[in-house]
Amino acid sequence: MRTFQADANWCDGNPHCRGNLGIPRTKMPQVKKQFTDSFLAYLGDAGVSVRQMSIPAKDLHPTQKNIIPDLVAKVIEEGWHKANDRPVYATADNYILDGHHRWAAWIDDDPTYRMSVLQIDRSVREVLDLVRAFPDIQYSSRRAMLKSVRRLMSSDKLFRQDFEAVQKLVRG
């Protein structure tokens, strides 16, 4: 039986995570699906161009240092990384802004797969500064992480048994 490892990190010892910027997951901006259009308009108003690209997963770099292995496994199991219903945002220097778990799923599934990416025509440092000013940007707090884990894992009987222990651990 698989158990959910709340403190596990997919990046620990993973060569694909070398060169990440060391930003904790809770400090990474997230663009919710319903704000995609307004986010793209915000970037356009700031004079930043965005283009649809197809980039091999292995050529992208993580910005955040925390990727939850069980969420990556769930993304693969459910095929969410193949759905392409949410864009993966990346910078001109190929750092991922939003979509780390979907990227990690492709790295585990097929690193040569050409991911659909909305590439923002600025360096990662410039984009992070710009994105933090977007009014509808969100961050993954410990509470939001717990809610995501609950939503993603609660339907899986193997994970349900360990979920109360995870809640206690995350809430501290």
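## Here's the deal with the side chain of Asn94
Piece 1. You can see Asn94 is positioned in the loop between strand 3 (88–91) and strand 4 (96–98).
Piece 2. A relative accessible area of 18% means that Asn94 is categorised as buried.

## A word on the nonpolar core
Piece 1. Counting 19 residues, the largest nonpolar core has Trp10, Leu60, Ile67, Trp103 and Met115 as the members making the most contacts within it.
Piece 2. Looking at this core element by element, the count peaks at five residues for helix 4 (residues 100–109).
Piece 3. If you look at the next biggest cluster of nonpolar residues, it comprises 18 residues, including Phe39, Leu43, Tyr89 and Leu118.

## Structural notes on the confidence of the model for the protein chain
Piece 1. Per-residue pLDDT for the protein chain averages 77, and the proportion of residues at 70 or more is 73%.
Piece 2. Element-level mean pLDDT values for the protein chain span from 49 in helix 7 (residues 157–171) up to 94 in strand 2 (residues 50–56).
Piece 3. Residue range residues 1–6 is modelled with pLDDT below 50. Its contacts to residues more than four positions away, or to other chains, number 21 contacts.
Piece 4. Predicted confidence is poor over residues 157–163, with pLDDT under 50, and the contacts of this stretch with residues over four places away or in other chains come to 17 contacts.

Rules used throughout
- Residues numbered from 1 in each chain as written.
- Predicted model: local features only at pLDDT ≥ 70, side-chain atom pairs only at ≥ 80, totals over all residues.
- Heavy atoms only, no water.
- Helix = DSSP H or I, 4+ residues; strand = E, 2+ residues; numbered from the N terminus.
- Buried < 20%, exposed > 50% of the residue type's maximum accessible area, 1.4 Å probe, protein only.
- Core = buried A, V, L, I, M, F, W, Y, C linked by side-chain atoms within 4.5 Å.
- pLDDT = per-residue confidence, 0-100.
- Contact = heavy atoms within 4.5 Å.

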